[in-house]
Amino acid sequence: MAVIQGVERPAWLMLWALALVACSAACASTGAVPKPFPMPRESAPASPASPASPASPAPPASPASPASRSSRSGFDGYALTGTALALRGTPYRDGGTDVSGFDCSGFTQYVFGQHGVGLPREVREQYRVGKPVAREDLSPGDIIFFTTTAPGPTHVAIALGGDEFVHAPSSTGVVRVERLSSSYWSPRFLGARRLGN
């Protein structure tokens, strides 16, 4: 406390803000508690679904051509996104990896695991798998990465097709669909990866 008293008020506030940001990683797989992401304006968030009766999956907004339906890695990108969409409303849980609650990388790991595809646990490790995909070439089932609170990949989501993705966003959120072109997510887009061939 003596150190803080000797520092001018604006400098103390700046140190406090930096400490808060350092402790607010975008995904709990990094070990930090995430700060809330903004709620989408286009639609209200889904109400939490009970693990026994998840919400019915909806088809992606703008699906890719039928030729890309059977994903390059041997899993069906539409079936995978259906699994992800069925989990809408599941609460965010720090370190969560199952239907009782997910963090962002726990969500992607769980969804891909349901289709026989193993993913590493942490966002930065997931960023190293598969092949890079250009933003304009995203297909259902591609993994999208964002840089939110620190340089490099700090948040991960699953592409649905068109401009939409599904993710487990933050400590005050639930699994939900958002738009890549939104004013929050678009400038934070870091890259995307495609698993398989």
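## Some remarks on the overall build of the protein
Stage number 1. Summing up its helical and strand segments, the protein has five helices and eight strands in all.
Stage number 2. Among the 197 residues that make up the protein, the fraction classed as buried is 44%.
Stage number 3. Per element, the accessible surface of the protein, about 9,500 Å² overall, is 58% carbon and sulfur.

## A closer look at the nonpolar core
Stage number 1. Phe 107, Val 111, Phe 112, Ile 143, Ile 158, Val 166 and Leu 195 are the most contacted members of the largest nonpolar core, which has 23 residues in total.
Stage number 2. Elements supplying a minimum of two residues to this core: helix 3 (77-86), helix 4 (104-113), strand 4 (143-146) and strand 5 (155-161).
Stage number 3. Among the elements that take part in this core, helix 4 stands out by supplying four residues, more than any other.
Stage number 4. Setting aside residues up to four positions removed in sequence, Phe 107 forms contacts with Ala 84, Leu 87, Phe 102, Ile 158, Val 166, His 167, Ala 168 and Val 175.
Stage number 5. In this structure, Leu 138, Phe 146, Ala 157 and Ala 192 belong to the second largest nonpolar core, which totals 12 residues.

## Considering the environment of Gly 89
Stage number 1. By the element assignment, Gly 89 lies in the loop between helix 3 and strand 1 (97-98).
Stage number 2. On the basis of relative accessibility, which here comes to 0%, the residue Gly 89 falls in the buried class.
Stage number 3. Counting along the chain gives 87 residues from Gly 89 to Arg 176, while the straight-line C-alpha distance between them is 6.5 Å.

## Thoughts on the pattern of salt bridges
Stage number 1. Counted by the stated rule, this structure contains six salt bridges.
Stage number 2. Ionic pairing is found between Arg 179 and Glu 164, a salt bridge with its closest N-O pair at 3.7 Å. Remark: Glu 164 occurs in strand 6 (residues 164-167) and Arg 179 occurs in strand 7 (residues 176-179); sequence separation between them is 15 residues.
Stage number 3. One continuous salt-bridge network, built from bridges that share partners, spans Asp 163, Glu 164 and Arg 179.

What counts as what
- Residues numbered from 1 in each chain as written.
- Predicted model: local features only at pLDDT ≥ 70, side-chain atom pairs only at ≥ 80, totals over all residues.
- Heavy atoms only, no water.
- Helix = DSSP H or I, 4+ residues; strand = E, 2+ residues; numbered from the N terminus.
- Buried < 20%, exposed > 50% of the residue type's maximum accessible area, 1.4 Å probe, protein only.
- Areas by Shrake-Rupley, 256 points an atom, 1.4 Å probe, with all protein chains shown as cover.
- Core = buried A, V, L, I, M, F, W, Y, C linked by side-chain atoms within 4.5 Å.
- Contact = heavy atoms within 4.5 Å.
- Salt bridge = Lys/Arg side-chain N within 4 Å of Asp/Glu carboxyl O.

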